[in-house]
Structures are given as C-alpha cells and as structure tokens.
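Close look at the chain arrangement
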Protein chains: 2
Amino acid sequence: MEYRKIKDDQDNNGDSVAEDIENLRGKSLSVSNVAGSLGGSPVERSKWKRKSIVTLALTILTSSQAILIVWSKRAGKYEYSVTTANFMVESLKCALSLAALGRIWNNEGVTEDNRLSTTLDEVIVYPIPALLYLVKNLLQYYIFAYVDAPGYQILKNLNIISTGVLYRIILKKKLSEIQWAAFILLCAGCTTAQLNSNSDHVLQTPFQGWIMAIVMALLSGFAGVYTEAIIKKRPSRNINVQNFWLYVFGMAFNAVAILIQDFDAVMNKGFFHGYSFITVLMILNHALSGIAVSMVMKYADNIVKVYSTSVAMLLTAVVSLFLFGFHLSLAFFLGSIVVSVSVYLHSIGKLQR
Amino acid sequence: MEYRKIKDDQDNNGDSVAEDIENLRGKSLSVSNVAGSLGGSPVERSKWKRKSIVTLALTILTSSQAILIVWSKRAGKYEYSVTTANFMVESLKCALSLAALGRIWNNEGVTEDNRLSTTLDEVIVYPIPALLYLVKNLLQYYIFAYVDAPGYQILKNLNIISTGVLYRIILKKKLSEIQWAAFILLCAGCTTAQLNSNSDHVLQTPFQGWIMAIVMALLSGFAGVYTEAIIKKRPSRNINVQNFWLYVFGMAFNAVAILIQDFDAVMNKGFFHGYSFITVLMILNHALSGIAVSMVMKYADNIVKVYSTSVAMLLTAVVSLFLFGFHLSLAFFLGSIVVSVSVYLHSIGKLQR
C-alpha cells in the first residue's frame, strides 16, 4: 500500500490513490488547513500536491483556451459547426480516459475500482450533468434575443454565485463568513474586470433576459455541483472510469445537438467542414480542460474550480496584453485587485474556519 | 462623577466625559470589541454610543456636502472666491467651538481641561495640520496641469491607502490582516464606483502627475493622522478647546491663501462677492462636517473617518439618483458591493483580531 502511494506520487497520474481516500477521510479535514497539509504526513502532502497540480493545470488550460478563442476570432469568423466541435471534444475526452485506463489495467490489472463495466445504480446519474449542459447550451441561443454577446459575458458571472449557493445546498459543505464575502468579491471583481464603455447596456436587460440568465447560471452551477457529487460519491472508484461514463453521455447528447442544430450543414458540407489548425488546437485544449475540471472535482471541489477559472480569466487578459496588444483598462486593474484580495481572503477564511 | 456621565449621555455634547477617558484607558481595549461594548458597562455603552453618533453625523454631513456641491454646480459656475469661503468655514468652526465652550463654562465652571489658555508646549503642534492642508490645497492648482478634474477625483482615492499606511506607522496602531484586505477593497471599491467611460485617461497620467497625486495623498493622510495624534495626546482636554486652536490656525493659513490667490478679486469685488444662499449653506455644512471630523478623531479614529466618508460618497450617489435623476452605472453598483463587503470585513476583522 505504502509502495503504491509513492509510485503515484512519481507518475502523478493520481490513479490508485483514490482508493486510499476513503481510508483517510478522518484525516482529510486537517488537510483543508494549508499549513497542516504542508507540514503533514507524506500522504497529506501528496494529496495537497495533487490538488495543486490539477488546479494549476486547469488554470493554465483555461487561460490558453480563451487565448485560442481570441486567436481564432482574429483569424476570421467561426466557419465550422460548433456542435460537431463539441462532439469531437467529448469523443477525445472519452478516448483519453480509455487510454489512461488501458495503461492502468496493464500495470495493475483490472480491479473492482478500475473496471469499466458498471451497474445501473452507478451509471443512472451520469447522464444528468450532460443533459443539464445541453439544455443550457440550447437556452444560450435564445438569450441573445434579449442580451448582446458582451452583456452575456457579464451575466455569466452569475455562475459564480449560483455555484457557491448550490455547493452549499447540495453538497452541504460550509463556507466560512469570510469565504462567502470572498465569493461575492470574486463575482464583483470578475465583472469589474470585464467592464467596458458599453457594459451599462446590461442593466437594460429585459425581465425575460434576467430570468433566462439566472436559469442558465443555476443550470450551469447545478451541473458542476452535481458532477462533483457523482464523482465524490464513490471516492475509491477510478476517476478515468467515472470520466468515461460522464463523457459517453456527453457524446450522446452532443450527437442530439448536431441533429437539432446542424444537421443540414453537416449533411451538405461534411462533418469536418471549416476545421482549421486552430480548430483542432481548440478541441484538444477543451478536451484537456474538461479532464482537468473532472480532476479538480475529484481531488478538490467546485469552489477551487471557480477560483481557478476566474484567475485564468485575468491571466488571459494579461497574456493578451502582450500577444495581441490589448488595452489595459482601469476597470480591469481594479477588478484584478478585488479578485486577488478574494483569493487571499478565501485562504485566510479556510484557516480561521 | 457617575452623575456627570449620565448627564453627558443625555445632552450628547460629549464635553466632560473626555476627562474620564484617561481613567478608562485600561478598559478601552475591550471597547474595540463591538460585542463587548454592546453588552458592556454603562460607560462602555456610552462611549460606543457617542462614537456611533459622531460617525453617523459625519456620514450624513459629508453626503449632504457632496449634494450641495452638485446643486451649486447645477445652479451655475462658482462665482465666489473659494479661499474666502474656506476662511469663513474656519471662522464659523472657531465661533461654534467658542459657543460650546461658553455653555460648558456656564454649567461647570472653568477647569484645567476646558480653559482656553494654553501652553506653548501644547499649542506648538496645532499649526501643523493646517499648514499641511494649505500646501495640499496649493498643490491642487498645479496638478491640473497633468490630470483633468474627473481623473483627480479618481486619484484622490489614494488618500485611503495613505491614511491606512500612515495610521499604522505614526499612531502605531495595528490593523488585522482582514482589515488590511478590507482597506484595499475600500480603495478599489470607491474607485470602481466612480468609473466612467473616460476614466481610463487617468492611466495616461504623466509621471509628474502621479508623483504629485501621491504627495498630495500623503499630505492629506499625514494631516488627518497628525490631527488624531494631537487630539488624542491629551485625552482629558476638552475637544472644543482643541478644536478652537486647530481652527484658529486654520483661519490664519486661509487668510494667507486669500492674500496669495484672491487678493485682487477680494479688493476689487469685495470679500463676499458672488455669495448665494447655496454658498452659505455649503459653508455651514463644511463647518459642521469639520467639527464632526474632529469628534471622530477624538472618539473614534482615522480609519472610521475614511469608512464614514467613503460610505457617504455612495449615499450621495444614491440620493443624487433620486434628486437629480443621475444615471446608475454597473460600475457604481459593483463598487458599492465591494465597499459594502469591505465594511463588513472591517467589522469581522476587528472581532477576530
């Protein structure tokens, strides 16, 4: 057992440590204390290290994702159909999960925790997040009747609040008062950083637009929190198996989306029409980001995910400044300060809990 | 003694309790704990009540001050000379302090603590704040060569940071980590609330402009913190005597300012040229605000003053919304959230110190 733990530290796949998590549950409370985890046992340090690595990976992948989107927009209008790209992302994630599983089976053999076959009881909840995301993506087409695209980017920050609230309600995990304050600041700071001279339009959003934005934020938050609940329900189950089942249903629902939205385009122009080198890079990036999100859900939580992607947004803007000569606004500067203080308060709040 | 305390509670002049403060110094540490002071002894409750009243008075007076300025601008350009108005403000404050002292002498007789006569040792530091403000006000004329008026309004938020830093260094009072975070948020939130489509110009402020803005913030912060140091140095001394000496030097330095800047205008058009009903109201308001600031310095501190005037700025904007049909921007909304969280964190941080 001890050998396996060290091995996992070395290859950083984080595959088989999962089964140790349940045994360590009693200890895991003290891991939430950063100081404790830094000075703690090798297992605690290993968990803290893994949590840091997946969080860092998510931050970097999310940053580069946004930069690729800017790059592809500069290169020209989207010529490919978004639904086929989403389908390719889900397929790639599925393939990568299977490849990782293959390697594990080779090294460790098939066990109860890493076998692909499943029970109805285990698998029945897996389609739910994919279904929620599908509904949310379909709603996205209708909200643009009420809000323009930059306004929608601003309203998307409601996701931060909805994730926090649903995390508290569904996973029944407590945030300290300071952490709640930090979460409100994260939302305000991210929104401030995105302000531009046209942002005030969003205040004129009609009532239906607000309702849709709130429903979409709740769907997105619920999908994230529910995914965490599914993944954490069986702590010893291999994350790659859990991912495989999540992504299989993602593929299925995206196939439905192709039929609904892009059937004609795919039939007339082909499945891969308009794909470019950047498109392929974006699909690769989205797939890796998606896997990083799952890892964060397994080894950290939705709160860490929200912080990670919010900080990534700021990193993106700073990198864009150098890559594309973007204009640094005072609003962005102030928003970044508020987000930084929020990250600091979140960690302080954890220690004082 | 007990009778006097109750009496002071009743007329809320807060005149003679001052001499009890020194006796209570040992206890005053526990007063900084809000919960303790709410449930504490009658004396502690009385101090907490007085602190709240002066803070509330300052907030309301500062709010109405800004509204009067907007009103007077709407009514037309400033036709009067600002230096004579400042002189009148200092004179009025002096007169009000003397009137309050007269009442106290009538009731209690002249004592060591409320006599007007002073020693060189006591009075020698009193000109310093007035001198600092004079230098700052003179600099104000030169900074506009580098920054426009709205840009200067934004740069003035540097006062918040300079006050916090100088408060720490000069008065050697500690703020908790959370309170520092709250103070940075207060500065960021106030600035965010003032953002408009032209605010980014301030980032193009030349180097000399930044230096002047920082020097002015330091002068203003130093004057505030030094005033607190002077007033708190002799806790038993009556605040009206302390105010009298502060304002006498204020009158003197403003007389110098009239000679430097508006001598010709005063000679040709008269001292009160261009005064209107609003001008008189503004002078009255500035005088009362000034006295409220002194009271906050005596019974609370510079940190409370900064929070009070910052919240007043937000109140002003909300009132202006109804009075003048001002446009509520998303930036103002976000800044107000950040300031509100900052106020909350400041009080939380106090409890956890």
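Residues numbered from 1 in each chain as written. Chains lettered and ligands numbered in written order. Predicted model: local features only at pLDDT ≥ 70, side-chain atom pairs only at ≥ 80, totals over all residues. Heavy atoms only, no water.

Here we look at the nonpolar core
Here is the rule we go by: Residues grouped as a nonpolar core are buried Ala, Val, Leu, Ile, Met, Phe, Trp, Tyr and Cys residues, joined through side-chain atoms within 4.5 Å. We call a residue buried when its accessible area falls under 20% of the maximum for its residue type, exposed when it is over 50%, and partly exposed in between, using a 1.4 Å probe and counting protein chains only.
If you look at the biggest cluster of nonpolar residues, it comprises 78 residues, and the most contacted ones within it are A:Leu185, A:Leu186, A:Leu195, A:Leu345, B:Leu185, B:Leu186 and B:Leu345. Core analysis: the next-biggest nonpolar cluster, separate from the first, contains 29 residues, B:Leu58, B:Ile231, B:Tyr247 and B:Ile291 among them.

Topic: the interface of chain A and chain B
Short version of the rule: In what follows, a contact means two residues having at least one pair of non-hydrogen atoms within 4.5 Å. Note on definitions: buried area is the accessible-area loss of two parts on being combined, 1.4 Å probe, summed for both. Between Lys or Arg on one side and Asp or Glu on the other, a salt bridge is scored when a side-chain nitrogen of the former is within 4 Å of a carboxyl oxygen of the latter. For this analysis, a polar contact is any N or O atom pair within 3.5 Å, provided that within protein one partner can donate a hydrogen and the other can accept it, and provided that sequence-adjacent residues contribute only side-chain to side-chain pairs. For the purposes of this entry, the term helix denotes a DSSP run of H or I that reaches at least four residues, the term strand denotes a run of E that reaches at least two, and both are numbered from the N terminus. Gly is placed with the polar residues, together with every amino acid not listed as nonpolar (Ala, Val, Leu, Ile, Met, Phe, Trp, Tyr, Cys and Pro) or charged (Asp, Glu, Lys and Arg).
Chain A puts 28 residues into the contact, and the matching count from chain B is 28 residues. Taken over both partners, the interface formed by chain A and chain B buries close to 2300 Å², and the fraction arising from carbon and sulfur atoms is 79%. Considering only the surface of chain A that becomes buried against chain B, A:Asp200, A:Leu330 and A:Leu334 emerge as the three largest contributors, covering 22% of it. Taken together, chain A and chain B are joined by 0 salt bridges. Viewed at the interface, chain B and chain A are joined by 2 residue pairs in polar contact (both at pLDDT 80 or more). Ranked by residues supplied to the side of chain A that touches chain B, first place goes to helix H17 (residues 330-352) of chain A with 10 residues. When the residues that make up the side of chain A that touches chain B are grouped by side-chain class, the tally is 19 nonpolar, 7 polar and 2 charged.

What to know about the confidence of the model for chain A
Quick reminder of the rule: What pLDDT expresses is the predictor's confidence in each residue, scored from 0 to 100.
Summarising the model, chain A shows a mean pLDDT of 83, and 86% of its residues fall at 70 or more. Note on residues 1-38 of chain A: pLDDT is under 50 here. Beyond four places in sequence and across chains, it has 56 contacts.

Quick word on the side chain of B:Asn302
Residues and elements named next belong to chain B. By the element assignment, Asn302 lies in helix H16 (residues 302-324). Taking relative accessible area as the criterion, Asn302 reaches 1% and is therefore assigned buried. Within polar-contact distance, the side chain of Asn302 engages the backbone oxygen of Gly224 at 3.0 Å. Sequence-distant contacts of Asn302, defined by excluding residues within four places in its chain, comprise Thr163, Tyr167, Gly224, Val225, Glu228 and Met297.

Regarding the relation of the copies chain A and chain B
The condition is simple: Copies are brought into register by a least-squares superposition over C-alpha atoms of residues with pLDDT of at least 70 in both.
Expressed as a screw operation, the relation of chain A to chain B combines 0.0 Å of axial shift with a rotation of 180°, fitting to an RMSD of 0.0 Å. Each copy turns onto its partner about a two-fold axis. Among all residues of chain A, the minimum C-alpha distance to the rotation axis is found for A:Ser197, at 2.6 Å. Looking at chain A, 100% of its interface residues are interface residues in chain B too, so the copies touch through the same face.

Quick look at the side chain of B:Thr55
Residues and elements named next belong to chain B. Within the secondary structure, Thr55 is located in helix H5 (residues 42-75). From its side chain, Thr55 meets the backbone oxygen of Lys51 in a polar contact 2.6 Å long. For Thr55, the residues in contact, after removing those within four places along its chain, are Val296, Val304 and Ser308.

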